[in-house]
Amino acid sequence: MHRFVSAVVIFLTLSQVSWTADWYSSAANGVPGAPIPGSGPKEEGWSVSIDYKEDEEEVRRLYKDGVAQSITAFYRSDGRLMAREEKDSDGNLISRVEYAYDESGNPRAIFIGTSHVETDIRVNADKTVWRHGSGAGEDWRITELDESGRPVSRVSLDSGSIAETLVWKRDEEGDLREEIRRVGDDVHRSLYDSSGRLIEETTTRSGTVVLLRAYTWSGDDLERVEERGEGRIVVREMDWRGGRIVRETRTVDGVLSNETVWENEEDRIETLFRDGQPVIRVYWSDQVRVREEFLKEGEVVRVRESGA
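Cut-offs applied
- Residue indices follow the written sequence of each chain, beginning from 1 at its first position.
- Only residues with pLDDT of at least 70 get local features here, since the model is predicted, and only at 80 or more are side-chain atom pairs given and counted; chain-wide, interface and lining totals rely on the full set of residues.
- To get the side-chain values, take all heavy atoms of the structure and skip hydrogens and water.
- Numbering of helices and strands runs from the N terminus, with a helix taken as a DSSP run of H or I at least four residues long and a strand as a DSSP run of E at least two residues long.
- Whether a residue is buried, partly exposed or exposed follows from its accessible area with a 1.4 Å probe, protein chains only, as a fraction of its type maximum: under 20%, in between, or over 50%, in that order.
- For the accessible areas, the method is Shrake-Rupley and the probe is 1.4 Å, while residue cover comes only from the protein chains on display.
- By the convention used here, strands pair only if DSSP detects at least 2 bridges between them.
- Throughout, nonpolar core names a set of buried Ala, Val, Leu, Ile, Met, Phe, Trp, Tyr and Cys residues whose side chains join them through atoms within 4.5 Å.
- By definition in these notes, contact holds between two residues if any of their heavy atoms fall within 4.5 Å.
- A side-chain nitrogen of Lys or Arg and a carboxyl oxygen of Asp or Glu constitute a salt bridge if their distance falls within 4 Å.
- The patches described consist of residues with a relative accessible area above 30% and no salt bridge, like charges being joined within 9 Å and nonpolar side chains (Val, Leu, Ile, Met, Phe, Trp, Tyr) within 5 Å.
- Think of it this way: Lys and Arg go in the positive column, Asp and Glu in the negative one, and His and the chain ends go nowhere.
- We put the charge of a Lys on NZ, of an Arg on CZ, of an Asp on CG and of a Glu on CD.
- Centres within 6.5 Å are what make two rings of Phe, Tyr or Trp a pair, Trp counting through its six-membered ring; a difference in plane orientation under 30 degrees is then read as stacked, over 60 as edge-to-face, and the rest as tilted.
- In this analysis the charged atom, NZ for Lys or CZ for Arg, is taken to sit over a ring once it is within 6 Å of the ring centre and within 35 degrees of the ring normal.
- Values of pLDDT, ranging from 0 to 100, describe the predictor's confidence in every residue of the model.

**Quick word on the overall build of the protein chain**
- When helices and strands are counted, the protein chain shows one helix and 25 strands.
- Across the 308 residues that make up the protein chain, the buried fraction comes to 33%.
- For the protein chain, the accessible surface area stands at approximately 18900 Å², while carbon and sulfur atoms represent 47% of it.

**Regarding the pairing of strand S12 (residues 151-158)**
- As judged from the six bridges shared by strand S11 (residues 139-146) and S12, these two strands associate in the antiparallel manner. Looking at the pairing, Thr-143 lines up with Arg-154 of S12.
- Taking the residues that link successive antiparallel strands as the turn, the S11-S12 hairpin has four residues, and the phi of Gly-149 there is positive, at about 85 degrees.

**Concerning unusual backbone geometry**
- One non-glycine residue, Asp-65, lies in positive phi territory at about 50 degrees.
- Relative to the helices and strands, Asp-65 resides in the loop between strand S4 (57-64) and strand S5 (67-77).
- In this structure, Asp-253 takes a positive phi of about 50 degrees despite not being glycine.
- Secondary-structure assignment places Asp-253 in the loop between strand S20 (244-252) and strand S21 (255-262).
- The class for Asp-253 is partly exposed, based on a relative accessible area of 49%.

**Details of the nonpolar core**
- Counting residues in each nonpolar core, the largest one holds seven residues, listed as Tyr-192, Leu-198, Tyr-215, Leu-222, Val-225, Met-238 and Ile-245.
- With residues up to four places along the chain from it excluded, the contact list for Tyr-192 reads Leu-176, Arg-177, Glu-178, Glu-179, Arg-197, Leu-198 and Ile-199.

**Comments concerning the pattern of salt bridges**
- One pass over the full model with this rule turns up 24 salt bridges.
- Between Glu-237 and Arg-224 there is a salt bridge, with the nearest N and O atoms lying 3.1 Å from each other. Residue Glu-237 is located in strand S19 (residues 232-241), and its partner Arg-224 is located in strand S18 (residues 221-229); the two are separated by 13 residues in the primary sequence.

**Concerning a negative patch on the surface**
- A surface patch of like charges, here negative, comprises Glu-54, Asp-55, Glu-56 and Asp-78.
- Mapped onto the elements of the fold, Glu-56 is located in the loop between strand S3 (46-53) and S4.

**Examining the packing of aromatic side chains**
- A full pass over the atoms with the stated rule returns one aromatic pair.
- Note on Trp-23 and Tyr-63: the rings are 5.3 Å apart at their centroids and 50 degrees apart in plane angle, and the pair reads as tilted. One end of the pair, Trp-23, is in strand S1 (residues 22-26); the other, Tyr-63, is in strand S4, and 40 residues separate them in sequence.
- For Arg-302, the ring lying beneath its charged end belongs to Phe-294, and the centroid distance is 4.1 Å.

**What to know about the environment of Gly-66**
- In this fold, Gly-66 is placed in the loop between S4 and S5.
- Linking Gly-66 and Glu-44, residues 22 residues apart in sequence, is a C-alpha distance of 6.7 Å.
- With sequence-adjacent residues up to four places away left out, Gly-66 is seen in contact with Pro-41, Lys-42 and Glu-43.

**Quick look at the side chain of Thr-251**
- Note that Thr-251 resides in strand S20.
- Once residues within four sequence positions are removed from consideration, Thr-251 is found in contact with Ile-233, Val-234, Val-235, Leu-256 and Ser-257.

**Things to note about the side chain of Thr-202**
- With respect to the element layout, Thr-202 can be found in strand S16 (residues 198-205).
- Setting aside residues up to four positions removed in sequence, Thr-202 forms contacts with Val-187, His-188, Arg-189, Val-209, Leu-211 and Leu-212.

**Some remarks on the confidence of the model for the protein chain**
- In this model, the protein chain carries an average pLDDT of 84, and 84% of its residues clear a pLDDT of 70 or more.
- Counting contacts from residues 1-19, a segment whose pLDDT is below 50, to residues more than four positions away or on other chains yields 34 contacts.

**Topic: the environment of Ala-100**
- Counting through the fold element by element, Ala-100 comes out in strand S7 (residues 93-101).
- Look at Ala-100 and you get partly exposed, because its relative accessible area is 43%.
- Considering only alpha carbons, one finds Ala-100 and Met-82, 18 residues apart in sequence, at a separation of 7.2 Å.

**Points about the environment of Arg-205**
- The topology assignment puts Arg-205 in strand S16.
- Along the chain, Arg-205 and His-188 lie 17 residues apart, while their C-alpha atoms are 9.0 Å from each other.
- Ignoring sequence-local partners within four residues, the contact set of Arg-205 consists of Asp-185, Asp-186 and Val-210.

Next comes the structure, spelled out in structure tokens:
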């Protein structure tokens with residue numbers, strides 16, 4: 001117990017900001033990339049600082065848009081990793097992993113706490129390097145990661161039973177191309193193109209396709225979503241101008257049901273249709289409903305102002 005308290009005290013000392021640290025570009029997982037010139041985080045995107053203390057202790061601080069997100073400390077002895085601590089940006093301890101080693105020098109990780117357990121095990125099969133477990137009792141989430149720290153698969157256990165599985169498939173460059181999620185008898189597949197854009201989603205139930213959704217893009221602008229399922233076809237179409245959406249329509253089996261027109265970035269008019277005819281027109285300003293018009297045969301028959 002005294003050893004654990006001493007480690008926490010040491011970590012709290014380390015968690016103070018050190019501007020002598022080395023700085024690197026990063027992803028959200030905190031893996032260092034290219035060095036950053038200067039002595040501070042990037043103003044935009046992810047970055048990480050690494051501060052070494054006499055080669056036995058290493059502190060990494062993860063930033064997004066220049067704002068601290070988390071702290072990770074590594075404690076070593078004779079070059080071997082002995083413990084890892086995770087803290088939030090305020091220095092509150094989230095988890096501590098202590099490592100033991102087998103006769104071959106392979107690490108095994110065990111965290112002993114009152115309510116939460118973290119484990120890390122090195123795996124040498126199917127290009128998977130690490131298996132990370134997080135949970136307590138019979139509720140667990142087990143994630144396998146590749147050699148670059150990217151997730152390959154995840155299993156979630158609820159009361160000891162599998163509640164959900166996730167599989168991520170990537171191309172040779174490591175870019176995500178397919179995600180497969182299984183919950184009970186439902187399997188949801190998402191396909192991505194080489195630019196990382198979602199292009200197709202399929203949901204099957206007990207082996208039968210119950211929902212198919214296709215996405216059409218123009219550059220970074222989503223122009224069309226076509227959904228087939230539950231005995232109907234739903235189509236959303238978007239018009240863009242100057243990098244922002246200006247109009248969106250929704251049809252069900254070819255009949256118009258919704259139309260939204262943006263007058264600017266804050267103001268929009270939403271019209272609801274019944275049997276292809278407009279029945280309600282809603283005026284919005286900065287997410288606030290300011291006026292409603294009720295129509296019959298295209299004519300306004302009643303108006304309700306905001307607060308009325």
